[in-house]
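So the chains spell out like this:
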Amino acid sequence: MAAAAGVASGKIIYEQEGVYIHSSCAKTNDQDSLISGILRVLEKDAEIIVDWRPLDDALDSSSIRYPGKDSSSVVEWTQAPRERAHRGVEHLNSYEAEWDMVNTVSFKKKPFINGDAPTHRNGKSKWSFLFSLTDLKSIKQNKEGMGWSYLVFCLKDDVVLPALHFHQGDSKLLIDSLEKYVVLCESPQDKRILLVNCQNKSLSQSFENLLDEPAYGLIQKIKKDPYTATMVGFSKVTNYIFDSLRGSDPSTHQRPPSEMADFLSDAIPGLKINQQEEPGFEVITRIDLGERPVVQRREPVSLEEWTKNIDSEGRILNVDNMKQMIFRGGLSHSLRKQAWKFLLGYFPWDSTKEERTQLQKQKTDEYFRMKLQWKSISEEQEKRNSRLRDYRSLIEKDVNRTDRTNKFYEGQDNPGLILLHDILMTYCMYDFDLGYVQGMSDLLSPLLYVMENEVDAFWCFASYMDQMHQNFEEQMQGMKTQLIQLSTLLRLLDSGFCSYLESQDSGYLYFCFRWLLIRFKREFSFLDILRLWEVMWTELPCKNFHLLLCCAILESEKHQIMEKHYGFNEILKHINELSMKIDVEDVLCKAEAISLQMVKCKELPQAVCEILGLQESEITTPDSDTGEDENVGMTCPASVFQSNTLPTLAASGTRDDSPTQIPLSPNVSRLTPA
């Protein structure tokens, strides 16, 4: 629009003409009482601004002003005490009060900090207002059945702004735009009122900003206020964290870097990365892990290899050997539809073909019974079920933007999108306590792509969610634990790098949060994720192998981060920009090599052994009471780290091949779907 060109600065997120203020309810038929304006939502300097001004003013770019950190708006709105005293409670709560809200509001201009207030060409400019989204307390919506919609904004200091009437468009688009930056939920007392960042909102209203923030957008937000802006996505994982960051303490808005670690520790209870200072944790001293072996990967498991390992009744033979082959090479695409059901636990490895057929029939009936539960809910019932409405709203929003560049999901009215929606809604019936949390659609999408079947995709997804459940729970215990464990492993591998990260206020490793939350789904290409996930599902070569993948990626980036002296902002930017640039086969090789290196270490700390699932091994730690390091070694079950039918990789990277062993290809083969 022409008005948009007049904006001096700031990115326009939303813009709507024909948004009116009714200056007097007694003169609703008098055109002079209707003030037409433009409503915009702008992003400027890591802040979201809601701005309304009369149409004439909107054309004048000199009238666009933005609030500083010390003020919520250029115009301060306060209710006039005398007028408020003359009106009863019933009137203030009535619909009419929203039409004549401006009659109970007086305006006084705040002095401008950086110069005089601009002059305006007409008297309508007194109605202009803008405020920061961080100052918004609630939004009141119109009653149903009106000819047009309207909204009333209430700020945190209980200042109520004039009602904005949308004569030429629906206010829902504005609400949708605001929900990208704040959490809105219905008030228990009045469903027309949307509360901002309400404390009883489920974790499912949480991960949108974290997951959907492109790297360049994130960097724009850190220019003005890097420490709080870079944590916005992470903080929105739960509302109490958001309120800690943007809450009542104004000093947290500009937290200096030297205090950031303490601030994060307070904001996220239980997240204590520096375990060396915590009781019950070992002090991990510098340990010589020995030489790291060179690892090569093999070709993907072929249909022929898979078929050779099936008996006459359909049972999978040599399961450990099969998992080893999948771990070292992945699967050819034509096998995934079968093999993934076993890897995810949908099919038992020792089941016969007949048993699997019966299981599928049973699971099909069970699935459609659950699907019928939400399909049969009437609109009237759903009006009285706010949780189901919230789940449906989030699912519909996420489905429309999940992997839309993939041919399986691209275009309008795509059947793949319908199946994504239905499976996620049915999962809400399967696990109503968790319901739907943003990010779960990322986990389902590859499963549906491979299975091409609604029922099989659902049960594979349910099995995967059994593994991932703690990542999405409201208390974030799973995420806290993983970040602590990752820090422990990284410190063992490279204490110098850990110390550098801590010196740059990055020791909490929160930039790895998205990696862990949805298992690298946004970091690798779609086809690479298929390979990565099936390798991880083998649960080889150790427990928590995904943490070693994180270590492998960070280790690869260590040189650039330290040599170029990256600070807080640069580290965040660099890690975000790794997305879609990481070589999956290279990372898998490095992570496996790290695991083999740790297995051979004779002084592996007990904390690390527990993380990697090596509790049964005999380990001598630096503070061992016996002091007989030379007599006590570390032994791991051979079935975990090596196979009798696969080459054992020596430290030099050479192989001891025999005629019965499957050769490894020195070249990494790329997946091409059939």
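Each value, and the rule that gives it
- Residues numbered from 1 in each chain as written.
- Predicted model: local features only at pLDDT ≥ 70, side-chain atom pairs only at ≥ 80, totals over all residues.
- Heavy atoms only, no water.
- UniProt positions renumbered as here; feature names shortened; annotations may be inferred.
- Helix = DSSP H or I, 4+ residues; strand = E, 2+ residues; numbered from the N terminus.
- Buried < 20%, exposed > 50% of the residue type's maximum accessible area, 1.4 Å probe, protein only.
- Contact = heavy atoms within 4.5 Å.
- Areas by Shrake-Rupley, 256 points an atom, 1.4 Å probe, with all protein chains shown as cover.
- Core = buried A, V, L, I, M, F, W, Y, C linked by side-chain atoms within 4.5 Å.
- Domains from an automatic or database assignment.
- Axes fitted to C-alpha atoms, helices over the stretch in contact; angles between N-to-C directions.
- Parallel < 35°, antiparallel > 145°, perpendicular 65-115°, else oblique.
- Left-handed = near helix turned anticlockwise from the far one by under 90°.
- Nonpolar A, V, L, I, M, F, W, Y, C, P; charged D, E, K, R; others polar.
- Expected span 1.5 Å × (residues − 1).
- Polar contact = N/O pair within 3.5 Å; in protein donor to acceptor, adjacent residues only side chain to side chain.
- Salt bridge = Lys/Arg side-chain N within 4 Å of Asp/Glu carboxyl O.
- Pairing = 2+ DSSP bridges.
- Phe/Tyr/Trp six-rings, centres within 6.5 Å; stacked < 30°, edge-to-face > 60°.
- pLDDT = per-residue confidence, 0-100.

As named in an unreviewed UniProt entry, the protein is TBC1 domain family member 15, taken from Fukomys damarensis. In the Subcellular location (unreviewed entry) part of its UniProt record, the protein is described as follows: "Cytoplasm".

Asker: When you look at the overall build of the protein in this model, what are you seeing that I'm missing?
Answerer: Along the backbone of the protein there are 29 helices and 11 strands. In the protein, which comprises 674 residues, the share counted as buried stands at 55%. Of the contacts made within the protein by residues no fewer than 6 positions apart, 69% connect residues no fewer than 24 positions apart. As displayed, the protein offers around 30200 Å² of accessible surface, 48% of which is attributable to carbon and sulfur atoms.

Asker: Help me understand the nonpolar core, please; the structure alone is not making it clear to me.
Answerer: Within soluble globular proteins, side chains that are nonpolar tend to cluster in buried spots. Membership of the largest hydrophobic core comes to 123 residues, with the highest contact counts inside it found for F472 and F520. Each of domain 3 (336-471) and domain 4 (477-612) gives at least three residues to this core. Beyond its immediate chain neighbours, meaning those up to four positions away, F520 contacts R514, W515, I529, L532, M536, H546, L549, C550 and I553.

Asker: What am I meant to see in the packing of helix α25 (residues 545-563) against helix α26 (residues 568-576) here?
Answerer: Angle between the axes and distance between the axes are the two parameters that describe a pair of packed helices. Their axes nearest at 12 Å, the elements α25 and α26 cross at an angle of 135 degrees. On the basis of the axis angle, α25 is oblique to α26. In this structure, the crossing between α25 and α26 has a hand that is right-handed. Contacts between α25 and α26 involve L554, E557, Q560 and I561 from the first element and I571, H574 and I575 from the second. Looking at the contact of α25 with α26 residue by residue, the classes come out as 4 nonpolar, 2 polar and 1 charged.

Asker: Help me out: how do you make sense of the packing of helix α18 (residues 415-430) against helix α20 (residues 454-468) in this one?
Answerer: Running from N to C, α18 and α20 cross one another at 50 degrees; their axes reach a closest spacing of 10 Å. Between α18 and α20, the interaxial angle falls into the category oblique. As α18 packs across α20, the resulting crossing turns out to be right-handed. Taken together, the residues of α20 that come into contact with α18 (itself represented by L419, D422, I423, L424, T426, Y427 and Y430) are E454, A457, F458, W459, F461, A462 and M465. Grouping the constituent residues of the contact of α18 with α20 by class yields 11 nonpolar, 1 polar and 2 charged.

Asker: Can you walk me through helix α15 (residues 353-375) in this structure?
Answerer: In an α-helix, one turn spans 3.6 residues, which is why side chains three or four residues apart end up on the same side. An ideal rise of 1.5 Å per residue puts 33 Å on 23 residues; α15 measures up with 32 Å between its terminal C-alpha atoms. For α15, every residue scored as buried is listed here: R356, L359, K363, Y367, M370, K371 and W374. Tucked into the core, α15 has its buried residues touching α14 (333-343), α17 (386-399), α18 and α20.

Asker: Would you mind going over the side chain of S351 with me for this structure?
Answerer: Summarising the element assignment, S351 is placed in the loop between α14 and α15. A polar atom in the side chain of S351 sits 2.7 Å from the backbone oxygen of P348. Apart from residues lying up to four places away in sequence, S351 is in contact with G314, R315, F342 and R356.

Asker: Just checking my understanding: could you explain the pattern of salt bridges for this structure?
Answerer: A side chain of one charge can pair with a side chain of the opposite charge when the charged atoms of the two come close. Scanning the entire structure with this criterion turns up 32 salt bridges. For the salt bridge of E534 with R531, the shortest nitrogen-to-oxygen distance reads 3.2 Å. Here E534 and its partner R531 are both found in helix α24 (residues 526-537), 3 residues apart, which amounts to about one turn of the helix. Connected via shared salt-bridge partners are R297, R336, R531, E534 and E585.

Asker: For this particular structure, what's the right way to read the environment of D288?
Answerer: Its location among the elements puts D288 in the loop between α11 (260-267) and α12 (303-308). Assessed through its relative accessible area of 67%, D288 is described here as exposed. In terms of polar contacts, D288 uses its side chain to reach the backbone amide nitrogen of G290, at 3.0 Å.

Asker: Can you walk me through the sheet that holds strand β11 (residues 193-196) in this structure?
Answerer: Strand pairing in a sheet relies on backbone hydrogen bonds. The paired strands run either parallel or antiparallel. With antiparallel pairing, 9 strands are arranged side by side in an open sheet as β6-β3-β2-β1-β9-β8-β7-β11-β10. The open sheet terminates on both sides in strands that have one partner only, identified here as β6 (129-132) and β10 (184-186). When strand polarity is set aside, the average angle formed by the axes of neighbouring strands in this sheet is 30 degrees. Bridge analysis of strand β8 (residues 149-155) against strand β9 (residues 164-166) gives 3 bridges, and the strand direction is antiparallel.

Asker: Even after reading the chapter, I still don't get unusual backbone geometry, so can you show me in this structure?
Answerer: Excluding glycine, a negative phi dihedral is what most residues carry, and trans is how most peptide bonds are arranged. The omega angle of the peptide bond from L540 to P541 is -5 degrees, so this bond is cis rather than trans. With respect to the element layout, P541 can be found in the loop between α24 and α25. A positive phi angle, near 60 degrees, is found at M476, a position not held by glycine. Within the secondary structure, M476 sits in the loop between α20 and α21 (477-493). Of note, the phi angle at D505 is positive, near 60 degrees, even though the residue is not glycine. By the secondary structure assignment, D505 is in the loop between α22 (495-503) and α23 (513-517). Residue D505 is classed as buried on the basis of its relative accessible area, which comes to 16%.

Asker: Quick question: what am I supposed to make of the packing of aromatic side chains here?
Answerer: Aromatic ring pairs are reported here in terms of the distance separating the ring centres and the angle at which the planes meet. Applying the stated criterion to the full structure yields 28 aromatic pairs. Judged by centre distance (5.7 Å) and plane angle (90 degrees), the rings of Y430 and F458 are edge-to-face. Of this pair, Y430 sits in helix α18 while F458 sits in helix α20, and the two are 28 residues apart along the sequence. The buried category is assigned to F458, whose relative accessible area is 0%. Consider the rings of Y449 and F526, whose centres lie 4.9 Å apart with planes at 85 degrees: the pair is edge-to-face. Pair noted here: Y449 is in helix α19 (residues 440-451) and F526 is in helix α24, with a separation of 77 residues, a long-range link. Taking relative accessible area as the criterion, F526 reaches 15% and is therefore assigned buried.

Asker: It is not clear to me how α18 should be interpreted in this structure. Could you clarify?
Answerer: Between the first and last C-alpha of α18 there are 22 Å, a value that for 16 residues agrees with the 22 Å anticipated at 1.5 Å per step. Burial of α18 is extensive: 12 of the 16 residues sit out of reach of the surface. Of the positions making up α18, those classed as buried are G416, L417, L420, H421, D422, I423, L424, M425, T426, Y427, C428 and M429. Tucked into the core, α18 has its buried residues touching α15, α17, α19 and α20. N-capping of α18 is provided by N414, with a side-chain oxygen placed 2.6 Å from the backbone N of G416.

Asker: Looking at this structure, I do not really get the confidence of the model for the protein. What am I missing?
Answerer: Reading predicted coordinates in detail is not appropriate for stretches of low pLDDT. Here the protein averages 74 in pLDDT, while 64% of its residues score no lower than 70. Looking at the elements of the protein, mean pLDDT is at its lowest for strand β5 (residues 105-109), recorded as 34, and at its highest for α24, recorded as 98. Confidence drops under pLDDT 50 across residues 1-8; counting only partners more than four residues distant or on other chains, this segment forms 17 contacts. Ignoring residues within four places in sequence, the model shows residues 199-209, a span with pLDDT below 50, making 46 contacts including any to other chains.

Asker: Sorry if this is basic, but what is going on with the pairing of β11 here?
Answerer: Remember that side chains alternate between the two faces of the sheet whenever the strand is regular. Burial along β11 is one-sided: the residues L194 and V196 are buried and none of I193 and L195 is. Relative to β11, strand β7 (residues 136-141) is paired through 3 bridges, and the arrangement is antiparallel. Bridged to S138 within β11 is L195. In this sheet, β11 lies alongside β10 in antiparallel orientation, the contact comprising 3 bridges. Bridged to E186 within β11 is L194. Counted along the chain from β10 to the antiparallel partner β11, the turn is 6 residues long.

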